[in-house]
Amino acid sequence: MKKKTSILLLVAALFAIISVPAWATGLTPEKMMDVYIDSIYENDMATVADFSKSDDMNVTFDDTQITLPAAGENAIEIVREMENGLFDMQIGLPSANEDIALLSDRAVYKEDGYTQAVQVADGDIHIVTSVLNDEAQQEFAYDFSLPNGAYMKYADYGNDNSVLIYNEADEAIYTLVPGIVKDANCREVDFVWDLQGNTLVHGIAEGQDLAYPVNI
């Protein structure tokens with residue numbers, strides 16, 4: 001039986017009330033991220049992993065086990081049962097964070113100048129990065145450690161530059177999809193989405209006048 005393609009969503013957006021700047025509403029960056037993450041799924045029936053109740057940072061959806069990095073680590077581990085064995089890969093976050101907040105719908109990793117929230121919902125992985133100011137890191141590299149014979153390449157359909165992950169049998173089994181990027185004034189922001197071998201670089205394009213924080 002053919003298994004449906006799973007989706008790894010690297011998503012980006014930042015919501016404010018109508019078009020009022022975030023700073024004028026009194027919303028903190030954490031609250032703006034809350035509003036965004038709550039809106040990712042229109043389906044209220046989506047099953048969202050609760051990491052605040054998971055001692056070992058593990059969640060299981062159908063045939064896939066996902067483990068988020070603990071303090072001092074930076075790799076999201078994904079093990080999926082396939083018809084011909086296990087497909088085991090890792091997604092390396094940009095840094096190993098010591099400050100982690102485990103919430104009911106996400107794990108939040110705090111770094112100097114930015115935070116990253118990781119949510120797992122219906123087996124999809126959402127990574128939302130809030131860049132807090134113009135002195136903070138603006139681009140983020142995600143290193144993928146794949147099994148032997150697996151590879152990544154841009155999809156040959158659509159116009160969003162989605163990236164597909166193939167197993168050794170040339171079957172596309174994961175999709176990486178960019179979302180939108182918005183600044184604190186709710187303006188869409190040009191972004192970098194660049195596949196370099198097994199590394200995906202995602203961030204803010206240069207040469208823009210932005211209001212921070214910006215969510216990627």
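Residues numbered from 1 in each chain as written. Predicted model: local features only at pLDDT ≥ 70, side-chain atom pairs only at ≥ 80, totals over all residues. Heavy atoms only, no water.

**Q** Explain the overall build of the chain to me, please; I cannot follow it from the model alone.
**A** Broken down by element type, the chain carries two helices and 16 strands. Long-range contacts, defined here as pairs at least 24 residues apart, represent 55% of the contacts in the chain between residues at least 6 apart. (Helix = DSSP H or I, 4+ residues; strand = E, 2+ residues; numbered from the N terminus. Contact = heavy atoms within 4.5 Å.)

**Q** Would you mind showing me how to read the side chain of Thr-115 here?
**A** Within the fold, Thr-115 resides in strand 8 (residues 114-121). Thr-115 gets classed as buried once you look at its relative accessible area, which sits at 14%. (Buried < 20%, exposed > 50% of the residue type's maximum accessible area, 1.4 Å probe, protein only.)

**Q** What am I meant to see in the pattern of salt bridges here?
**A** Two side chains of opposite charge can pair, provided their charged atoms sit close to one another. Applying the stated criterion across every chain, the model contains three salt bridges. A salt bridge links Asp-63 to Arg-80; its shortest N-O distance comes to 3.7 Å. With Asp-63 in the loop between strand 2 (58-61) and strand 3 (64-67) and Arg-80 in strand 4 (residues 75-82), this residue pair connects regions lying 17 residues apart in the sequence. You can call Arg-80 buried: its relative accessible area is 2%. (Salt bridge = Lys/Arg side-chain N within 4 Å of Asp/Glu carboxyl O.)

**Q** What is the right way to look at the environment of Ile-66 in this model?
**A** Tracing the backbone shows Ile-66 in strand 3. Ile-66 sits 14 residues away from Arg-80 along the chain, and the two C-alpha atoms are 8.7 Å apart. Excluding its chain neighbours within four sequence positions, the residues that come into contact with Ile-66 are Met-57, Asn-58, Val-59, Ile-76, Glu-77, Ile-78, Val-120, Gly-123 and Ile-125.

**Q** Would you mind showing me how to read a negative patch on the surface here?
**A** Together, Glu-83, Glu-168, Asp-170 and Glu-171 make up a negatively charged patch on the protein surface. By the secondary structure assignment, Glu-83 is in the loop between strand 4 and strand 5 (85-92). A residue is classified by how much of its surface remains accessible, and Glu-83, at 64% relative accessible area, is exposed. (Patch = residues over 30% accessible without salt bridge, like charges linked within 9 Å, V, L, I, M, F, W, Y side chains within 5 Å. Areas by Shrake-Rupley, 256 points an atom, 1.4 Å probe, with all protein chains shown as cover. Lys, Arg positive; Asp, Glu negative; His and termini not counted. Charge placed at Lys NZ, Arg CZ, Asp CG, Glu CD.)

**Q** I'm lost on the environment of Thr-129 in this one. Help?
**A** With respect to the helices, strands and loops of the structure, Thr-129 is situated in strand 9 (residues 124-131). Assessed through its relative accessible area of 1%, Thr-129 is described here as buried. Considering only alpha carbons, one finds Thr-129 and Val-118, eleven residues apart in sequence, at a separation of 8.9 Å. Excluding anything up to four places from it in sequence, Thr-129 contacts Tyr-114, Thr-115, Gln-116, Phe-140, Tyr-142, Val-214, Asn-215 and Ile-216.

**Q** Teacher, can you tell me more about the pairing of strand 4 here?
**A** A regular strand carries its side chains on alternate faces of the sheet. With four bridges joining them, strand 3 and strand 4 adopt antiparallel strand pairing. Considered in strand 4, the bridge of Thr-67 is made with Glu-77. Bridge count between strand 4 and strand 5: eight bridges; the pairing is antiparallel. Its bridge partner lying in strand 5, Met-82 is registered against Gly-85. (Pairing = 2+ DSSP bridges.)

**Q** Whenever I open this one, the sheet that holds strand 14 (residues 191-196) confuses me. Can you help?
**A** Either a parallel or an antiparallel arrangement is found when strands of a sheet pair, and the pairing is made through backbone hydrogen bonds. In spatial order, the strands read 2-3-4-5-10-15-14; together these seven strands make up an open sheet with antiparallel pairing. Both edges of this open sheet fall to strand 2 and strand 14, since each of them pairs with a single strand only. The mean angle between the axes of side-by-side strands here comes to 15°, regardless of whether they run parallel or antiparallel. In this structure, strand 10 (residues 139-145) lies alongside strand 15 (residues 199-204), joined through five bridges in antiparallel fashion. (Axes fitted to C-alpha atoms, helices over the stretch in contact; angles between N-to-C directions.)

Everything listed here is a matter of geometry and, on its own, says nothing about what the molecule does.
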